[in-house]
Amino acid sequence: MAFLQWRRFNFFDKEVLKDPETDQVYDKLKDVNISACVSGRGQLIVGDHEGYVYMINKQLSLNMFKAYEIRVSHLHQMKQHNLLVSIGEDEQGINPLIKVWNLDKMDKGGPMCTRISRAIPNNKATPVTCLTVHENLNWMAVGFENGSVLLFKGDVTRDRHSKSRIVHESPKPVTALEFKTQGKNIFLFVVTDANVISINISGKQDIKSTLEMFGGKRGGVVMSDQSQDNQLVVARPDAVYFYQTDSRGPCLAFEGEKLRLHWFRNYLIVVGKEDKTLPRPVQLSGQAMEMHIVTVYDIQNKFIAYSAPFPDVIDVLSEWGSVYILGGDQKIYQLQEKDTQTKLEMLFKKNNYTLAISLAKSQHYDQEGLIDIFTQYGDHLYSKGDHDGAIDQYIKTIGKLEASYVIRKFLDAQRIHNLTKYLQALHKQQQATEEHTTLLLNCYTKLKDVNKLDEFIMTKDREVDFDVETAIKVCRQAGYFEHALFLAEKHGKHEWYLRIQLEDIKQYQKALEYIGKLEFTETEENVKKYGKVLMAEVPQQTTELLKRLCTDYRPTDKPLIDQSMMDGGVARIERAPAEHFIHIFVNNSEKLTEFLEHMIKVQPNSPSLLYNTLLELYLHDIVHETDSTRKTERVRKTEELLKNPDAKYDLDQAMVLCQMNDFKAGILYLYEKAHLYQQILRYHMEHDDFVHVIETCKKFGQQDSNLWVQALSYFARKEDNCKPQLMEVLSQIDKKNLLPPLLVIQTLAHNSTATLSVVKDYIIRRLQMENDQIAEDERLIKQYREDTDKKRAQIEELKTTAKVFQASKCNICNHPLELPSVHFLCEPHSYHQHCFESYAENDSECPVCAAENRKIMDIIRAQEQSKDLHEQFHNQLQRSQDGFSVVADYFGRGVFNKVTLITDSPARQPPKAASTSRFV
């Protein structure tokens, strides 16, 4: 691109440098015949043809020192070190000297000179044309008019350890030298009038590369900064060329003679010739001088930042953030760059927003400032009707500019395509909200752009940059169920997936399969929620899923044996309580029966609710079943369920169910299981089943003898011909003595069919038994009276008559008695004293009679302890079939005695021991 096509701006302010002390034009160099210029380290440095070096600081104070006797030809200021390297002559003739000045140390009114060495290649005296020094202070190169390049290696500040060699020779004078460090290699650019050469000097041997067969003139070569990758810039009449170490880079073509190049920040400053002339100042004898054009180019942003004529430019320097131009009119001109904001405002006025953005980026403008530029640019394009361009700029503001500002503009303009593009960018940059997602999807659906919708939603590997639930809602509302299902399945939104399948698409089978792939907890929740719908539509598959869920659930897409089980781990069994899902089968009793039968078979310890429900289903089917075969089968299953010892049905509820459905076998079995024998008997009585009444009494009469009594009352009330049953009942009552005869007669008196012939045998038999009992009782009374009289006589005898002990043998060892001996009044019994002491438990009790006496004493104590147990007496009296025997028993214990028994009477007191003449 030619420079003439670049936009021109005035981004620099030009003014003549003034002396701060006098506020007049700075003229301290007006009499100096300048030979060399350089800047850096806070100073402008000028050398003259009289050998002086002038240094101007920021306050424009001038310091000078005599560097050479004749003249200063070249100056080089180090950037990282406060060192000044100069070349000049101290003697007449061609005798250039290199001097290194330490500007931090003073010596005799000037800086200390640390090195002086001659610059003569191969001892051939020739003028120096250029000088450069590497910032590491180990390399220095000097170019000569005869085409030689002398390279010094070693400490630049000292001559002692420095070595030099010729690295290049050519017939053309050397016009420029520049160092460039690239990685570990150091390159030396050599520019002559005829070519441009790159020499790698860091190896054992120098490696030369000819970059161009055209060279450059003195002053027309400069090194760019980092923004342009530190390239070598060479000016030629047709263009400005850039060079890397191995090849030529881009070039900027424009015509005109270029006298001098200078690099300032990211600007290339070119000093060129102009045809116009101006009269020279009076002190220069009125001679005409040339006008030079100083142009400042922004290479990166492709515009001219400043261009103006200056009289006979000697050199261009830059320091303290400004550019200084030494003019031939002995004035120093200062170019002060305008601040970024001012430059941007100038560009805004010309609506040159593209350049403003590029300039702001190159000036490292802050993000807030860039956003403001993008916004203004977008507003400008929007106002011109360039909606596509405007949206591109607004996209760059995402994250800073409120999105509603942009959305409102394009909603009003009904530019859905542009709005869609902006919303897409919002999502890509993770700045979208739920409302933005909703709006974007609505844009897709309104445009019916299925491809874009697929790209936004259906791409599997795409990173999600939107709110998934919002996207599902919008797709569902717009009827894009496939997209909504894809999102729900991909992101595990199970509730949304099932709602769409069941409520919108009605794909019940797929919904059921999806539930079967979920984890246990999620499957349980969703079956509870959607079970009724699924049971109504796909009952068989839903029942199978419930069987799995309530026994040993595993997702269908997971293997039965996983890695943990292969490693020896125990599989974790997950099952849901079956009773939680009974309500799902509300309209399908057949599947509920199948489910409950499966659960009871697999898990016999299932809760009672399952057994109760299954029993209720069985009974309901028995009542309403018309097919006899199926009805018989259902009866069989019901009886098996009731008789199953592992069945945990509730007994009371089962009774109620059987009674409600009039299931006779179940009622009788449950009565028997609950030991409700009287209810069994009553059931048969209610149905006038005489045979089963008798069988019930026979079967359970041992457990409850009152059954026969109730049977007698039942048959006594019947007017039917039930004489055989009465005879059998009377036989059992008589056999077991269940009722007194009088009560039997009174009971049968209510039955007109119970004639005397029916009870004749019973009455005779009972009267005979009573007579026999009376005779036996009278015999026992007589016997007890005789025994009582005998006991009283014995007691009286013991009290009044002496007892003669005539026993000759010990009743323990059966050996003849020897003194000392012990005698008891019972029998009587006699013992050796040592035998008595060995066997007797105490001194007052006969060892032989002790056991019998202890039994009698225990009976007496038991009677005394239980004689006050009135509550126990009443309880036994109420429960007993023969109350008279209970009263007699307690009467015998003395419960009803008002006087206290004398426990120490002679009749109960054990016989006392008597002793012999050596009586104990």
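Structural notes, computed from the coordinates. From a predicted model like this one, the values you see are computed outputs, not experimental measurements.

With that settled, consider the pattern of salt bridges. Side-chain pairs of opposite charge can arise whenever the charged atoms involved come near each other. On inspection of all chains with the given rule, the structure shows 25 salt bridges. D27 is paired through a salt bridge with K30; the nearest N and O atoms lie 3.9 Å apart. The partly exposed category is assigned to K30, whose relative accessible area is 44%. Among the salt bridges present, the one from E495 reaches R499, with a minimum N-O distance of 4.0 Å. Separated by four residues within a single helix, E495 and R499 lie in helix α11 (residues 494–505), roughly one turn from each other. Judged by its relative accessible area of 40%, E495 is partly exposed. Look at the salt bridges and you will find they share partners, linking E544, K547, K591 and E594 into a network.

Attention shifts here to the pairing of strand β6 (residues 62–66). Looking down a regular strand, the side chains alternate between one sheet face and the other. As defined by bridge partners, strand β5 (residues 52–56) adjoins β6 across five bridges and the pair is classed as antiparallel. Directly across from Y52, in β6, lies its bridge partner K66. Between the end of β5 and the start of β6, which pair antiparallel, lie five residues, with L60 showing a positive phi angle near 65°.

Here we come to the sheet that holds strand β10 (residues 110–118). The four strands are arranged β7-β8-β9-β10 in an open sheet whose pairing can be described as antiparallel. Pairing within the sheet leaves two strands with one partner each, and these edge strands are β7 (71–77) and β10. For this sheet, the mean inter-axis angle between neighbouring strands, taken without regard to orientation, is 30°.

Membership of the largest hydrophobic core comes to 141 residues, with the highest contact counts inside it found for F12, F310, I325, Y422, L546, F595 and F715. Top contributing element to this core by residue count: helix α17 (residues 608–624), with eight residues. Among the nonpolar cores identified, the runner-up in size contains 17 residues, and I98, V100, M140 and F144 belong to it.

Turning next to the packing of aromatic side chains. On inspection of all chains with the given rule, the structure shows 22 aromatic pairs. Summarising the aromatic geometry, the rings of Y52 and Y54 are spaced 6.4 Å apart at their centres and angled 40° between planes, so their arrangement reads as tilted. Judged by relative accessible area, which is 9%, Y54 ranks as buried. On the numbers, 3.9 Å between centres and 25° between planes, the contact of Y497 with Y514 is stacked. With Y497 in helix α11 and Y514 in helix α12 (residues 508–517), this pair connects stretches of sequence that are 17 residues apart. On the basis of relative accessibility, which here comes to 7%, the residue Y497 falls in the buried class. Three or more aromatic residues link up through ring pairs in this structure, and these residues are F12, F264, Y267 and Y306.

Moving on, we come to the sheet that holds β5. Think of a sheet as strands paired side by side through backbone hydrogen bonds, with each pair either parallel or antiparallel. The strand order β3-β4-β5-β6 describes an open sheet built from four strands, whose pairing is antiparallel. Two strands in the sheet have a free side with no partner beyond their single neighbour: β3 (34–40) and β6. Within this sheet the neighbouring strands show an average axis-to-axis angle of 20°, counted without direction. Two elements, β3 and strand β4 (residues 43–48), share six bridges in a ladder whose sense is antiparallel. The residue of β4 that forms the bridge with G40 is Q43.

For the rest of this paragraph, the subject is the state of the cysteines. Scanning the model with the defined rule gives zero disulfides in all. In this model C835 remains outside any disulfide bridge; the closest cysteine sulfur is found in C813, 3.8 Å from its own. By relative accessible area, which is 7% here, C835 ends up buried.

Let us now look at unusual backbone geometry. Of note in the backbone geometry, D229 takes a positive phi value of approximately 60° without being a glycine. Looking at the element boundaries, D229 is found in the loop between β19 (221–223) and β20 (232–235). Since its relative accessible area comes to 38%, D229 is described here as partly exposed. Despite not being glycine, W320 has its phi angle at roughly 55°, a positive value. On the accessibility criterion, W320 (24% relative accessible area) is partly exposed.

Below, the discussion takes up empty space enclosed by the protein. The rolling of a water-molecule-sized probe over the atoms marks out the regions of remaining empty space. With the rule as written, the count across this model stands at one cavity of 30 Å³ or more. Here the largest cavity defines a volume of roughly 60 Å³. Lining of the largest cavity is provided by Y26, D27, K28, L29, K30, I34, I314, L326, G327, Q330, K331 and I332. Considered class by class, the residues forming the lining of the largest cavity number six nonpolar, two polar and four charged.

With that out of the way, let us pick up helix α21 (residues 677–686). Listed as buried for α21 are Y677, I680, L681, Y683, H684 and M685. Two residues or fewer after α21 comes D688, characterised by a positive phi angle close to 50°.

As judged from the five bridges shared by strand β17 (residues 196–200) and strand β18 (residues 207–212), these two strands associate in the antiparallel manner. Within β18, the position partnered with I199 by the bridge is K208. The antiparallel pairing of β17 with β18 creates a hairpin that spans six residues between the two strands.

Attention now moves to the environment of G51. Here G51 is to be found in the loop between β4 and β5. When its relative accessible area of 0% is taken as the criterion, G51 is described as buried. Taking the C-alpha atoms as reference, G51 lies 6.0 Å from K66; in sequence the two are 15 residues apart.

With their axes 7 Å apart at the nearest point, helix α20 (residues 664–673) and α21 run at an angle of 150° to one another. Between α20 and α21, the angle falls in the class roughly antiparallel. In this structure, the crossing between α20 and α21 has a hand that is left-handed. Here α20 contributes K664, I667, L668, Y671 and E672 to the contact with α21, which in turn contributes Y677, Q679, I680, Y683 and H684. A per-class count over the contact of α20 with α21 returns six nonpolar, two polar and two charged.

How each quantity is defined
- Residues numbered from 1 in each chain as written.
- Predicted model: local features only at pLDDT ≥ 70, side-chain atom pairs only at ≥ 80, totals over all residues.
- Heavy atoms only, no water.
- Salt bridge = Lys/Arg side-chain N within 4 Å of Asp/Glu carboxyl O.
- Buried < 20%, exposed > 50% of the residue type's maximum accessible area, 1.4 Å probe, protein only.
- Helix = DSSP H or I, 4+ residues; strand = E, 2+ residues; numbered from the N terminus.
- Pairing = 2+ DSSP bridges.
- Axes fitted to C-alpha atoms, helices over the stretch in contact; angles between N-to-C directions.
- Core = buried A, V, L, I, M, F, W, Y, C linked by side-chain atoms within 4.5 Å.
- Phe/Tyr/Trp six-rings, centres within 6.5 Å; stacked < 30°, edge-to-face > 60°.
- Disulfide = S-S within 2.5 Å.
- 1 Å grid on protein atoms, 1.4 Å probe; cavity = no way out; pocket = protein on both sides within 12 Å on 5 of 7 lines; lining within 4 Å.
- Points joined across faces, edges and corners; volume = space filled by probe spheres on them.
- Nonpolar A, V, L, I, M, F, W, Y, C, P; charged D, E, K, R; others polar.
- Parallel < 35°, antiparallel > 145°, perpendicular 65-115°, else oblique.
- Left-handed = near helix turned anticlockwise from the far one by under 90°.
- Contact = heavy atoms within 4.5 Å.

No statement about biological role is implied by the geometric values presented.
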